[in-house]
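One letter stands for each residue in the lines below.
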Amino acid sequence: MFDSVASLIIRFWKKQMPAMTKKLPPGPKGTGVLNVLRRVRDPLGFLFSLHEQYGGIVCFPTFFRRTCVVFDADLINEVLSAQHSSFEKGPFAKSLVENPTTGTAEGKEHQRMRKLVRPLYLRNALEGYGKIMVEAAGRLQEHWRDGDTVDIATNMHVMSQNVVSRTFFGQDTTFDPKLVEEMVRSGGWLLILTMLPFRKLIEHLPLPHNRRLEEQYAAFDQVVYDLIKRARNQDEERTDLVSLLTNARDEEGIEQPLNDREIRDETLIQLFAGYETVANSMAWCFYHLSRNPAARERMEQEIDEVLGGRLPTPADHSKLVYTRAVFDESLRLNPPLYVVGRRAVEDCVIGGYDIPKGTVVQPVLLAPHLKEKYYPQADEFKPERWLQGVKARPKNAYLPFSSGPRACIGSNYARLEAITTLVTVSQRWRLEVISDDPPEVSALILYRFKHGLPVRLHKRKSAPLETSA
């Protein structure tokens, strides 16, 4: 009996020896419970305190797993690009859907999904989306009055809801735009679940959050599956995203078309990726322009000269050089997606440190954006830095849309909506942030305004001659 127990202990000890002798990144020991609580209560404060104390790569326990956070630009590049095959998508993204999508698939399946989906975000498709975006921005302003106060963060979310509902589901489909907001809010609950033990058990408990999520998914599914049936009717030509996904084909005839469930899950992933991120980025643009009147005046002058009073089209964007620089600089300071998640599928080495298989790895995309060695006067809003070229800084020092094989496939869509809205609103209005205090930020999932962003509306004298539909 004693020999058997001793043998078991020896085998267990030998099995643990490699993990115990690994050179892990530095970090707080603490308990997993305490680290999770700090991460949920003050995400940015917690992460950047780790960066300040331990350096460019930090490791700490979170319940039943090890988490590694990466801040250094070169090390982020290792995770997202150079050694990307050693990592899979993190647990949060995979908790959203059951089937492979551009946001969750791995290996060859990921390549197949991107190959089928990518044409949906190329120029021909974007031109149709651009008209919808201009109209939505025009309708947003219909009830604005000179001197009124509005919450521009909420306004941007409402407008983005309307754009998403029309571009994703069509203008003739009954879809409540508020459902998008509700589903994204429920994503916070899913993120917390990924940090908890016994997640699968908790998901099936009759909790209010779980019931609410089930109701939202049921409403979403009804719209999507009905639209898929319509899109398979060859007599009806449709240009909404769901219909384009339904009819997406590989021109080489190699990849299989998407099935109904894949279309549903891909639509859901695109909603989570493209709705609130765009709304937040537009709100941050107006915040920085209000705080920097000289930059705002220069942008207004460019818009007036290029457009001459007419409404913008996608073809105008290449001429709006400074306006695009405003957007790029706003994304540098406040990228809506400031951190991404990965999980090591094999033992690997990052920055000289061992990363054991199963470790959750989180590159903090915001960190390189704030480094003086890449961006002199990094804390200041300076759009002109983007007019001087970017050869002096490495590619991985600017990551608002992530990088590597999993870089955001909808980045052109996001840029189109943000710049179209920025131009359409700025032609008619100046927005002045009311409070002089720095805004409170919520950063559990995305980098957003915690209590909205109240602004005062001032109508510009040089408003455009045209009006939106």
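The structure presented is a predicted model; accordingly, all values stated were derived computationally and were not measured.

Q: Report on the state of the cysteines, specifying residues and quantitative values.
A: Tallied over the full model, the rule gives zero disulfides. Unpaired in terms of disulfides, Cys59 finds its nearest cysteine sulfur in Cys68, a separation of 5.4 Å. The exposure class assigned to Cys59 is buried, which follows from its relative accessible area of 8%.

Q: An account of empty space enclosed by the protein is requested, with residue identities and associated values reported.
A: Tallying each qualifying case throughout the model produces one cavity of 30 Å³ or more. Roughly 70 Å³ of internal volume is contained in the largest cavity. Lining of the largest cavity is provided by Phe286, Leu289, Ser290, Arg296, Met299, Glu300, Ser426, Trp429, Arg430 and Leu431. Residue assignment for the lining of the largest cavity shows that the elements contributing at least two residues are α14 (276-291), α15 (293-307) and β9 (429-433).

Q: Go over the pairing of strand β8 (residues 360-363) with me, naming the residues and quoting the values.
A: Because side chains alternate across β8, one face comprises the buried residues Val360 and Gln362, and the other comprises Val361 and Pro363, equally buried. Note that strand β2 (residues 65-70) and β8 share four bridges and pair parallel. Within the sheet, the bridge partner assigned to Cys68 lies in β8 and is Val361. Judged from the two bridges that link them, strand β5 (residues 342-344) and β8 form a sheet pairing that is antiparallel. When the sheet's bridge partners are listed, Arg343 is paired in β8 with Val360.

Q: Provide a residue-level description of the nonpolar core, including the pertinent values.
A: Formed by 114 residues in total, the largest nonpolar core has its most connected members in Trp144, Phe169, Phe220, Tyr413 and Leu431. With nine residues, the single largest contributor to this core is α14. Membership of the second largest hydrophobic core comes to 16 residues, among which are Ile76, Val79, Phe87 and Val340.

Q: Which residues make up the sheet that holds strand β4 (residues 149-151), and what are the values?
A: Strand order in the open sheet formed by three strands is β4-β12-β9, and the pairing between neighbours is antiparallel. Since the sheet does not close on itself, it has two edges, and those belong to β4 and β9, each with one partner. On average, adjacent strands in this sheet sit at an angle of 40° to one another, irrespective of strand direction. Where β4 lies against strand β12 (residues 454-459), three bridges are found, and the strand directions are antiparallel. Following the sheet pairing, Val150 is matched in β12 by Val455.

The rules we used
Throughout, a residue's number is its position along its own chain's written sequence, starting from 1. Thresholds applied to this predicted model are a pLDDT of at least 70 for local features of residues and 80 or more for the giving and counting of side-chain atom pairs; totals over whole chains, interfaces and linings are not thresholded and use all residues. The basis for every side-chain value is the complete set of heavy atoms in the structure, and neither hydrogens nor water enter the calculation. In what follows, a disulfide is any cysteine sulfur pair within 2.5 Å. Partly exposed describes any residue whose relative accessible area lies between the buried limit of under 20% and the exposed limit of over 50%, with all areas from a 1.4 Å probe on protein chains only and scaled to the type maximum. Here a cavity means grid points, on a 1 Å grid over the protein atoms only, where a 1.4 Å probe fits yet cannot get out; a pocket means an open set of points with protein on both sides within 12 Å along at least five of seven lines; lining residues are those with an atom within 4 Å of a point. Grid points are joined across faces, edges and corners, and a volume is the space filled by probe spheres set on the points. Numbering of helices and strands runs from the N terminus, with a helix taken as a DSSP run of H or I at least four residues long and a strand as a DSSP run of E at least two residues long. Two strands are said to pair when DSSP picks up at least two bridges between them. Take the buried residues of types Ala, Val, Leu, Ile, Met, Phe, Trp, Tyr and Cys, join any two whose side-chain atoms come within 4.5 Å, and each joined set is a nonpolar core. To obtain each axis, a line is fitted to C-alpha atoms, and for helices this fit is confined to the stretch in contact; angles are then taken between N-to-C directions over 0 to 180 degrees.

Any link to function would need more than the numbers given here.
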